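For reference, the chains in residue letters:
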Amino acid sequence: MSTMVFVNYPVKDVQASTVFYEKLGFKKNEDFSNERSSSMVWDDTFWIMLLEYDFYNLFLKNKKIADTKSQSGTLTAFSVESADAVRKIAEAAKANGGDYFSVDMGIPEDQMFSLEVTDLDGNQFEPVWMPVS
């Protein structure tokens, strides 16, 4: 059995965030979505769960939700099929209210390419391409 990864992001507006992620290429899974959350599927093994703040808080016990506009809560990287796919996701994010930036790690693009993408709430993720042999 393959391991599946479900990343949970707190969001202020589930509907707006759902539209944002759909424009990046994610598909909404209606079976695991409701008015408080959207289950956004990238592929069979990677999903992002968009949880409205009150719902997200149920899982935190005595912790506070990070202000991801000014603090990092997590940095989730996931693989995509090409450097162009990385660019396409980043550009779609920027065109729909998010943003992206590049980190110069001194690695040639033909060995690895990634961009740091932020969503409407400042949650950050990293589409990355690298040839795997």
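Given the structure is predicted, the values throughout are model-derived calculations rather than measurements.

Focus: the UniProt feature "domain: VOC" (unreviewed entry) in the protein chain
- In the numbering used here, UniProt assigns the "domain: VOC" (unreviewed entry) feature to residues 3-130.
- Helix makes up 23% of residues 3-130 and strand makes up 31%, while its end C-alpha atoms are separated by 20 Å.

What to know about the packing of aromatic side chains
- Tallying each qualifying case throughout the model produces 12 aromatic pairs.
- An angle of 70° between the planes, with centres 5.0 Å apart, marks the rings of Phe6 and Trp47 as edge-to-face. Taken together, the positions of Phe6 in strand E1 (residues 5-11) and Trp47 in strand E4 (residues 46-52) put the pair 41 residues apart, joining distant regions of the chain.
- Residue classification places Phe6 among the partly exposed positions, given a relative accessible area of 41%.
- The class of Trp47 is buried, set by a relative accessible area of 11%.
- Pairing Phe46 with Phe78 gives two aromatic rings, centres 4.7 Å apart and planes at 20°, and the pair type is stacked. Residue Phe46 is located in strand E4, and its partner Phe78 is located in strand E5 (residues 75-79); the two are separated by 32 residues in the primary sequence.
- By relative accessible area, Phe46 is classed as buried at 7%.
- According to the relative accessible area criterion, Phe78 is buried, its value standing at 6%.

So, the sheet that holds strand E3 (residues 37-41)
- Across the sheet, 4 strands lie side by side as E1-E4-E3-E2; this open sheet has mixed pairing. Edge positions in the open sheet fall to E1 and strand E2 (27-28), since each of these has one partner strand only.
- By the bridge criterion, 5 bridges tie E3 to E4 in an arrangement that is antiparallel. Note that in E4 the partner of Val41 across the bridge is Trp47.

Calculation criteria
The residue count restarts for each chain, going from 1 along the sequence in the order it is written. For a predicted model such as this one, the threshold for reporting local features is a pLDDT of at least 70, and the threshold for listing and counting side-chain atom pairs is 80 or more; totals across whole chains, interfaces and linings nevertheless cover every residue. Side-chain measures were taken over the full set of non-hydrogen atoms in the model, leaving aside hydrogen atoms and water. UniProt positions are given in the numbering used here, feature names are shortened, and annotations may be inferred rather than shown by experiment. Under the scheme used here, helices are H or I runs from DSSP no shorter than 4 residues and strands are E runs no shorter than 2 residues, and both carry numbers assigned from the N terminus. Think of it this way: a Phe, Tyr or Trp ring, Trp meaning its six-membered ring, pairs with another when their centres are within 6.5 Å, and the plane angle makes it stacked under 30 degrees, edge-to-face over 60, tilted otherwise. With a 1.4 Å probe rolled over the protein chains alone, any residue whose accessible area is under 20% of its type maximum counts as buried; one over 50% counts as exposed, and the rest are partly exposed. Whether two strands pair comes down to DSSP finding at least two bridges between them.

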